[in-house]
Amino acid sequence: MSTNVPSIAPQLLRSRLTKVCVAIIGATPAEMIEKATSVVKETPFLEFRLDYLEKPLLALPKFKHFFAANTAATAIATCRRAAGGGKFAGSVAAEVEILSKAAEAGFHLADLELQSAEALKRADLQKLRDTGIALIISHHDFNATKDLDGIYARIAKFAPDFVKIVPTAKALVDNVTLIRFLERMNDHTNIIGICMGDAGVISRVLGVRAGSAFTFAAATMGEETGPGQIAARTLIETYRIDHVDAATKVYGVAGNPIRGSLSPIMMNTAFRRETVNAVYLALQTAKLSDLLKLVHEIPIQGLSVTMPLKQDIMAHLERTDPLSAKIGACNTVLRVPSGENAGKLFGFNTDVAGIVGPLEKRMSLRGAKVLVLGAGGAGRAAVFGLRDKGAEVFILNRTAETAHKLARQSGSKTIKKDAVSKTTFDVILNATPVGMAGNKAAPLLEAKDLNTKLVFDLVYNPLETPLLHMARQMSIPIITGVEMFVQQGARQFEIFTGKPAPEEEMFRVVLHALRQQAEVAAAEAAAAPTPKAAKAHHAEPKSAAKPKVAKAHHAAPKSAAKPKSKPAARATAKSAVKSVAKKSGAKAR
């Protein structure tokens, strides 16, 4: 046995562990250490994935130097074999040798996969223990969430310092299964429980509250070591995991797809600004039954509902506001906290305010001729909201039958695609997901169809959609989806909390996030090889290649018709519009 192993007493070790362990990956030891150095001061609890290295043993002296220079760091050594979902191609014996030597290099904990532990002779496992390193025995199921008690029993036989159980959430309710398991085992303070997958975000934020010793996070976005893993900064700053406790109310945005939603950063920013003890999560699901079970089990106190659930959820609400009932779609659900209706779900629609508000800042809607693209939940909100304000509404939808039904219900008209280019409108409004980041559907309209004074796209990500880009090239004023997104979100915040929404801060954080995403996308596009000139057509055009058209501008609010909104929010919107317009080479008026 080595006599210079920096072993730490169990009680002292636990005192060093924070709620978040940051996973560090890299192709070389230098790359790993560089990443670790950048995060260790803020998050000193680290996991080094040694299986990402070509020769882990040779790298250990470098890590020893790192620990000598960063004495506050607490580190897990992981060298997961390919059979357990890792990258190490060596044998179980080689894995154990690396973990044993990692103890000598200054690592405090070693993560050994259950399959490896079961393949070892007890004497060989004892040699690892004798190094003084704390032992985590882990099990990862990349296919399902099942038999958690059985897995625990298999691990417990080895009496490790920590038991790590990581299933995959195929549905939202799988998080409930894991959370209930953690709550049952709450007298065991050494269990780590996380669900992988996009549907498992709930467990990564709420698992610690339920009893998980800690959770894992990626060093930065794009460096995830498991499906659904969240970046450390997002977990700490957006979800405020250090402040999540038994009294924290849980809210979320539900739908499919949800990965790119900026609702969590917008709402969590608002909660922090207004000192509300709440957390807002991304709930990835297309099944209403899955969502409803989660709402009652966690419980979820309020929901932002997006496609494809806005209409289907109506049948499960105890009450709705008149607007939702008329539209037949709901985007906001509140779980009644107390009283005779405690636990029941009430529905609201804030989409209409988000759509009508920005338009009324710019024009009178009475008698305005508006083309609405789409007849889904957002389309219905747009059509009924516009009709209520006296607009003449035309509906274009891929499924003509759905458009005809909505037209009959709202007193609107339908229009065929070939008639659009021959008709003049005051507004063309896109209420479909076409143009959304990741959506590959073909555009509904061509440049020749934009015979309008204004184009409003409800899609907010990306900031400039293909439709808005086309309008800019034709010098047609536009309204981005950010205005609608923040407006409807602000009303949701007020329904959830009873407090005025910090609209200025919400607008700022959403715009900042979108601009960051645009910069990253532009950098990636610039770095990507383009062997064929045709590929350059899809990239953002360079300033030298801009078409010589009249100056495009963002649609400015009408000065005569003052909107009923906070002055600060208006000022922010105005400056943000200028910023966006400047970035795209347009003028804001």
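To be clear, the structure that these remarks concern was listed above.
Residues numbered from 1 in each chain as written. Predicted model: local features only at pLDDT ≥ 70, side-chain atom pairs only at ≥ 80, totals over all residues. Heavy atoms only, no water.

Colleague: What's the story with the overall build of the protein chain in this structure? I'm lost.
Modeller: Counting its secondary structure elements, the protein chain contains 21 helices and 22 strands. Here the analysis covers contacts within the protein chain between residues at least 6 apart in sequence; of these, 70% occur between residues at least 24 apart. Here the protein chain has roughly 26200 Å² of accessible surface; of this, 54% comes from carbon and sulfur atoms. (Helix = DSSP H or I, 4+ residues; strand = E, 2+ residues; numbered from the N terminus. Contact = heavy atoms within 4.5 Å. Areas by Shrake-Rupley, 256 points an atom, 1.4 Å probe, with all protein chains shown as cover.)

Colleague: How do you make sense of helix α14 (residues 351-360) when you look at a structure like this?
Modeller: What sets the pattern is the α-helix's 3.6 residues per turn: residues three or four places apart point alike. Burial runs high along α14: eight of the ten residues are buried. Residues of α14 that are buried: D351, V352, G354, I355, V356, G357, P358 and L359. Packed against the buried residues of α14 are α13 (322-327), α15 (377-388), β18 (427-430), β19 (455-457), β20 (478-479) and α19 (481-497). (Buried < 20%, exposed > 50% of the residue type's maximum accessible area, 1.4 Å probe, protein only.)

Colleague: I keep staring at the side chain of Q492 and nothing clicks. Help me out?
Modeller: Among the secondary structure elements, Q492 is positioned in helix α19. Polar contacts involving the side chain of Q492 include one to the main-chain carbonyl oxygen of N331, which spans 3.0 Å. (Polar contact = N/O pair within 3.5 Å; in protein donor to acceptor, adjacent residues only side chain to side chain.)

Colleague: Honestly, α19 in this entry has me stumped. Any pointers?
Modeller: Here α19 is 17 residues long and its end C-alpha atoms lie 24 Å apart, about the 24 Å a rise of 1.5 Å per residue gives. Along α19, 13 of the 17 residues are buried, which leaves the element largely enclosed by surrounding structure. One or two steps after α19, the chain reaches G498, where phi turns positive at roughly 80°. (Expected span 1.5 Å × (residues − 1).)

Colleague: How should I be thinking about the packing of aromatic side chains in this particular structure?
Modeller: Here the distance between the centres and the angle between the planes together describe a pair of aromatic rings. Within this structure, the stated rule accounts for 16 aromatic pairs. Centre to centre, the rings of Y251 and F496 are 4.9 Å apart; their planes meet at 35°, and the pair counts as tilted. Residue Y251 is located in strand β9 (residues 249-255), and its partner F496 is located in helix α19; the two are separated by 245 residues in the primary sequence. On the basis of relative accessible area, Y251 is assigned to the buried category, the value being 3%. Here F496 falls in the buried class, since its relative accessible area comes to 7%. Just above the ring of F216 sits the side chain of K164; from NZ or CZ to the centre is 4.1 Å. (Phe/Tyr/Trp six-rings, centres within 6.5 Å; stacked < 30°, edge-to-face > 60°. Lys NZ or Arg CZ within 6 Å of the ring centre and 35° of its normal.)

Colleague: Explanation requested: unusual backbone geometry in the structure shown.
Modeller: For residues that are not glycine, phi is negative in most cases, and the peptide bond is trans in most cases. Of note, the bond from N256 into P257 is cis; its omega dihedral lies within 30 degrees of zero at 5°. Topologically, P257 is positioned in the loop between β9 and α11 (263-273). At the junction of M307 and P308, the peptide bond is cis and its omega measures out at 5° in the coordinates. Along the chain, P308 turns up in the loop between β11 (302-305) and β12 (319-320). A positive phi is found at R240, a non-glycine position, where the angle reads about 50°. Owing to a relative accessible area of 13%, R240 belongs among the buried residues under this scheme. Notably, S475 is not glycine yet its phi reads approximately 60°, a positive angle. Residue position: S475 is located in the loop between α18 (466-473) and β20.

Colleague: What is the right way to read the packing of helix α8 (residues 173-184) against helix α12 (residues 288-297) from this model?
Modeller: Helix packing geometry: the angle between the two helix axes and the distance between the axes. Between α8 and α12, the shortest axis-to-axis distance is 8 Å and the interhelical angle comes to 30°. Taken as axis vectors, α8 and α12 run roughly parallel relative to one another. Residue-level inspection shows V173, V176 and R180 of α8 in contact with α12, the latter providing D290, K293, L294 and E297. Partitioned by chemical class, the residues of the contact of α8 with α12 number three nonpolar, no polar and four charged. (Axes fitted to C-alpha atoms, helices over the stretch in contact; angles between N-to-C directions. Parallel < 35°, antiparallel > 145°, perpendicular 65-115°, else oblique. Nonpolar A, V, L, I, M, F, W, Y, C, P; charged D, E, K, R; others polar.)

Colleague: Got a minute to help me understand the pairing of strand β3 (residues 74-78) in this structure?
Modeller: Consecutive side chains of a regular strand alternate in pointing toward one face of the sheet and then the other. Of all five residues that make up β3, five are buried, and the element is covered over most of its length. Side chains of β3 alternate between two faces, with T74, I76 and T78 and A75 and A77 buried alike. With five bridges connecting them, strand β2 (residues 45-49) and β3 associate as parallel partners. Across the sheet, the residue bridging to F48 is A77, located in β3. Pairing between β3 and strand β4 (residues 109-113): three bridges, direction parallel. (Pairing = 2+ DSSP bridges.)

Colleague: Looking at this structure, I do not really get the nonpolar core. What am I missing?
Modeller: Side chains of nonpolar character tend, in soluble globular proteins, to be buried together. Formed by 122 residues in total, the largest nonpolar core has its most connected members in F48, L50, F63, F107, V205 and L206. Apart from the residues lying within four places of it in its own chain, the contact partners of L50 are M32, P56, L60, F63, A77, T78, C79, I98 and F107. Within the second largest apolar cluster, 32 residues are counted, among which are L365, L406, L454 and F456. (Core = buried A, V, L, I, M, F, W, Y, C linked by side-chain atoms within 4.5 Å.)

Colleague: Can you help me understand the sheet that holds strand β8 (residues 215-218) in this one?
Modeller: Paired through backbone hydrogen bonds, the strands of a sheet run either parallel or antiparallel to each other. Taken together, eight strands build an open sheet; the order of strands is β7-β6-β5-β4-β3-β2-β1-β8 and the sheet is parallel. Each end of this open sheet is capped by a strand with a single partner; those strands are β7 (191-193) and β8. Here the average twist between neighbouring strands, direction ignored, is 25°. Sheet topology places β4 next to strand β5 (residues 134-140); five bridges connect them, and they run parallel. From the neighbouring strand, L109 faces β5, where its bridge partner is A134.

Colleague: Would you explain the pairing of β2 in this entry?
Modeller: Within β2, five of the five residues are buried, leaving the element largely enclosed by the surrounding structure. Of the two faces of β2, both are covered, the one formed by F45, E47 and R49 as well as the one formed by L46 and F48. Pairing between strand β1 (residues 20-24) and β2: three bridges, direction parallel. Bridge pairing links A23 to E47 in β2. Between the parallel elements β1 and β2, the chain passes through helix α2 (residues 29-39) in a crossover that is right-handed. Note on the crossover from β2 through helix α3 (residues 56-69) to β3: the handedness is right-handed. (Right-handed = clockwise from strand over helix to strand, strands pointing away.)

Read these as geometric descriptors, not functional statements.
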